[in-house]
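Here is what each chain is made of, one letter per residue.
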Amino acid sequence: MTSSTAHKLLAALAAAALAVGGLVYADRMPEPAQAGTVPERLHEAHAALDEADGVVRQSAAVTEEQQRAVLSYWTPERMAAARPITELLARTLPDAQGLVPRSGAEHQAAPRDDSTGDRWTAGGRVVRTTGKVFLTMDGRDFTCSASVVGAPNRSTVVTAGHCAKNGTGSWARNWTFVPGFDDGSSPYGRYTARDLLVSPEWSRRADDSYDLAVAVVNADGGRAVQDRVGSQRIAFDTWTDTRVRDGVQVYSFGYPASSPYNGRELHYCSGRTRADTGGTTANGMRCQMTQGSSGGPWLTGFDPETGVGTVSSVVSFKYANDRRTQYGPRFGAEARRLYDHASGL
């Protein structure tokens, strides 16, 4: 089902930074390079290649020349200027100025099972496997979050659908994943997307119940991303009727970039979920992380000491009238089809 867009904000929170001032920010951003970037309709035959099988696929940086062009595009200046992505619809919502939380995010020394957006300082595998995504959508540069999951190709990354394709609109260009991003640094390299995959439900209807994308990324320096940073498990059977009713303990991670956050450090929320009653099959948890955390992993069975868990959803959206609850789609049969298809690429 598609949620009521009159009251919904995608990208974790469509705050005033883009909801009202998006056009201003866009005017301040550098224009996408006219030469050397990935073509707008690269290998367009792939765009709906496998839709009949429940997968919509778009090729990205396939050749070495295209990969170099994308990496060259993301200069430090462009990376710093990229804004957290949000649904374009959000600009039309009234009273958007009131959507940004103004209280500062507390930094805790030890992990909590009820965090609403603290900085993650406990280390572990999650620091390496979670990363920041940089992408260009409709001529503007944006950021999201994503996570490496274990796969036979050792190159599979999961994120939100709107971090790869603007619903029924454009595909992302210049899509690049930076695992372990920390205050502007890329300690484990930068990985350009070779293929981006979303479900037909997202591509045709922008249905928030299916706001999931899988990216297959190129190697960096000859090494696959999973070989360099490790991975998290992924599951497609977490959301049974009983567990949806009773709630599931979840840790979500991402790089929130709208006030009071700055997108430079990894943050997390933790708590039990509840089913959405607004028209989707998504689940919600208490979380004040803002946009920029979109696409970050929801980890179940998470061990704070090792930073290891199971990706069962991703950060997807918030409702305009409830900025304290973050929602994520349930990984099920549709997510499995995307993952299985990507694993074979």
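Fair warning: this is a prediction, and the values are worked out from it, not measured in the lab. Numbering of residues starts from 1 in each chain and follows the order in which that chain's sequence is written. A pLDDT threshold of at least 70 governs which residues receive local features in this predicted model, and a stricter bar of 80 or more applies before side-chain atom pairs are shown or counted, although totals over entire chains, interfaces and linings include all residues. Computation of side-chain values covers all heavy atoms of the structure but excludes hydrogens and water.

(A) The arrangement of the packing of aromatic side chains in detail. Between 30 and 60 degrees the pair is tilted, below 30 it is stacked and above 60 it is edge-to-face, where a pair is any two Phe, Tyr or Trp rings, Trp via its six-membered ring, whose centres lie within 6.5 Å. The final tally for this structure, using the stated rule, is 16 aromatic pairs. Between W120 and F302, the ring centres sit 5.7 Å apart and the planes meet at 65°, which makes this aromatic pair edge-to-face. Pair noted here: W120 is in the loop between strand 4 (116–119) and helix 5 (125–129) and F302 is in strand 16 (residues 297–303), with a separation of 182 residues, a long-range link. The exposure classification of W120 matches that of F302, with both residues buried. When the ring of Y319 is compared with that of Y327, the centres are 5.3 Å apart and the planes differ by 85°; the resulting orientation is edge-to-face. Here Y327 falls in the buried class, since its relative accessible area comes to 3%. Aromatic ring contacts, followed pair by pair, group Y73, W74, F134, F181 and Y255 into a single cluster. Consider the ring centre and the ring normal. A charge sits over the ring if Lys NZ or Arg CZ is within 6 Å of that centre and within 35 degrees of that normal. Just above the ring of Y73 sits the side chain of R78; from NZ or CZ to the centre is 4.1 Å. Numbered from the N terminus, helices here are DSSP runs of H or I no shorter than four residues, and strands are runs of E no shorter than two. Partly exposed residues are those whose accessible area sits between 20% and 50% of the maximum for their type, while under 20% is buried and over 50% is exposed, using a 1.4 Å probe and protein chains only.

(B) Structural view of the sheet that holds strand 16. Ordered in space as 4-13-12-16-17-11, the six strands form an open sheet in which the pairing is mixed. Either end of the sheet is taken by a strand with one partner, and the two such strands are strand 4 and strand 11 (233–234). At least two DSSP bridges between two strands are required for those strands to pair. The sheet contact formed by strand 12 (residues 249–254) and strand 13 (residues 267–272) spans six bridges and is antiparallel. When the bridges of strand 13 are listed, V250 appears paired with G271.

(C) Representation of the pattern of salt bridges in the model. Whenever a carboxyl oxygen of Asp or Glu lies within 4 Å of a side-chain nitrogen of Lys or Arg, that contact is scored as a salt bridge. For the structure on display, the rule yields 12 salt bridges. One salt bridge connects R112 with D114, and the closest N-O pair in it is separated by 3.1 Å. Taking the relative accessible area as the measure of exposure, R112 reaches 26% and is therefore partly exposed.

(D) Structural view of the state of the cysteines. Note on terminology: pairs of cysteine sulfur atoms within 2.5 Å are recorded as disulfides. All chains considered together, the criterion is met by two disulfides. One disulfide bridge connects C144 with C163, the sulfur atoms lying 2.1 Å from each other. Across the S-S bond linking C144 and C163, the dihedral sits near -85°, which makes this disulfide left-handed. Taken together, the residues span a long stretch of sequence, with C144 in strand 6 (residues 140–148) and C163 in the loop between strand 7 (156–159) and strand 8 (173–179) at a distance of 19 residues. For C163, a relative accessible area of 0% corresponds to the buried category. C269 shares a disulfide with C287; S-S distance 2.1 Å. One disulfide, between C269 and C287, carries an S-S torsion of 70° and so falls in the right-handed class. Placement of the pair is C269 in strand 13 and C287 in the loop between strand 15 (283–286) and strand 16, with a sequence separation of 18 residues. Each member of the pair C269 and C287 is classed as buried. Sequence-ordered numbering of the bonded cysteines in the protein chain gives a pairing of 1-2, 3-4.

(E) Representation of the pairing of strand 5 (residues 130–137) within the structure. Among the eight residues of strand 5, eight are classified as buried, and the element is accordingly described as predominantly covered. Examined bridge by bridge, strand 5 and strand 6 share eight bridges and lie antiparallel to one another. Residue pairing in the sheet places L135 in a bridge with F142 of strand 6. In this structure, the hairpin formed by strand 5 and strand 6 is closed by a connection of two residues, where D138 is found at a positive phi of approximately 50°. Here five bridges tie strand 5 to strand 8, and the two strands are oriented antiparallel to one another. Residue pairing in the sheet places F134 in a bridge with T176 of strand 8.

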